[in-house]
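Structural features, examined
Below are the chains, spelled out letter by letter.
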Amino acid sequence: MSTINLVSNIQEDDISTLRTSRLINSILNAICSFPAAFGNGIILIVIWRTPSLHSPSNTLLFGLALTDFLVGLVTQPLKVTSSVVYLESDEEGPITLALAFDVLSVVSSGSSFMIATAISVDRRARVQQEEIESVDLAGMERRFARPP
């Protein structure tokens, strides 16, 4: 009998810890949702309205801001809603809510990762191109320099 009581006490402690972590996670997501959507929304508007910022590099930045904007506007509130339903009813809530969160979080995370990778490749290519151009210019200066 004492083994059963020990197991049930451990499970109750685990459930209490899970509820606490979900509550903290919900609070942090609720706090971070608005600044994420607002800040990335400003970046989207600035890039959209400024023609001088319409470059391939800024297109990648626009895509990253768009995925982060959608995370702040849709994915984080879905997570908060799902967690609140769980905390209030001790159930996971509607399956469509959990499915929507799962799909949106995977799509937005994957998109953000791919765009961040493309930005890194773009930056590396730009640095390498500048190095090649600087070497070419130095070589041309030596070839066409006047003798003293």
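By convention here, each chain's residues receive numbers from 1 onward along its written sequence. Reporting in this predicted model follows two pLDDT cut-offs: at least 70 for local features of residues, and 80 or more for side-chain atom pairs to be given and counted; totals over whole chains, interfaces and linings ignore these cut-offs and use all residues. Based on all heavy atoms of the structure, the side-chain values leave hydrogens and waters out of the count.

This next bit is on the pattern of salt bridges. Any Lys or Arg side-chain nitrogen found within 4 Å of a carboxyl oxygen on Asp or Glu counts as a salt bridge. This model, assessed by the stated rule, comprises one salt bridge. Arg126 is the partner of Asp122 in a salt bridge, and the nearest nitrogen-oxygen pair spans 3.8 Å. A residue pair is termed a helical-turn pair when its members lie 3 or 4 positions apart in one helix, as Asp122 and Arg126 do in helix 3 (residues 95–143) at four residues. Looking at Asp122, the relative accessible area reads 22%, which means it is partly exposed. The class of Arg126 is partly exposed, set by a relative accessible area of 37%. Counting from the N terminus, the helices are the DSSP runs of H or I reaching at least four residues and the strands are the DSSP runs of E reaching at least two. Only protein chains enter the accessibility calculation, which uses a 1.4 Å probe. A residue is then buried if its area is under 20% of the maximum for its type, exposed if over 50%, and partly exposed in between.

A few words on the environment of His54. Tracing the chain through its elements places His54 in the loop between helix 1 (2–49) and helix 2 (56–89). Any two residues whose heavy atoms approach within 4.5 Å are treated as being in contact. Sequence-distant contacts of His54, defined by excluding residues within four places in its chain, comprise Ile47 and Trp48. Counting of polar contacts relies on pairs of N or O atoms within 3.5 Å, with two restrictions inside protein: one atom must be capable of donating a hydrogen and the other of accepting it, and residues adjacent in sequence are counted only when both atoms are side-chain atoms. Here Ile47 takes part through its backbone oxygen, which lies 2.9 Å from a polar atom of the side chain of His54.

Glancing now at the UniProt feature "transmembrane region" (unreviewed entry) in the protein chain. When the UniProt feature table is mapped to this numbering, "transmembrane region" (unreviewed entry) covers residues 27–48 and 98–119. Within the segment residues 27–48, helix and strand shares are 100% and 0% respectively, and the terminal C-alpha atoms sit 32 Å apart. UniProt positions are given in the numbering used here, feature names are shortened, and annotations may be inferred rather than shown by experiment.

The next thing to look at is a nonpolar patch on the surface. Patches here are clusters of residues that have more than 30% relative accessible area and form no salt bridge, with a 9 Å joining cutoff for like charges and a 5 Å cutoff for nonpolar side chains (Val, Leu, Ile, Met, Phe, Trp, Tyr). Areas reported as accessible are Shrake-Rupley estimates using a 1.4 Å probe. Residue values count occlusion only from the protein chains shown. Together, Leu66, Leu70, Leu73, Val74 and Leu104 line one region of the surface with nonpolar side chains, adding up to about 370 Å² of accessible area. Among the structural elements, Leu66 can be located in helix 2.

By secondary structure assignment, the location of Ser33 is in helix 1. Classification of Ser33 as buried rests on a relative accessible area of 10%. At 2.5 Å, the side chain of Ser33 and the backbone oxygen of Gly72 are in polar contact. Here Ser33 is in contact with Gly72, Gln76 and Pro77, once residues within four sequence places are set aside.

On to helix 2, then. With 34 residues, helix 2 extends 48 Å from end C-alpha to end C-alpha; this agrees with the ideal 50 Å at 1.5 Å per step. Note that bend, as reported per residue, equals the angle between axes fitted to the 7 residues terminating at that residue and the 7 residues originating from it. Along helix 2, the helix axis deviates most sharply at Val71, where the bend reaches about 40°. Here, expected helix span is obtained from the residue count minus one, scaled by 1.5 Å.

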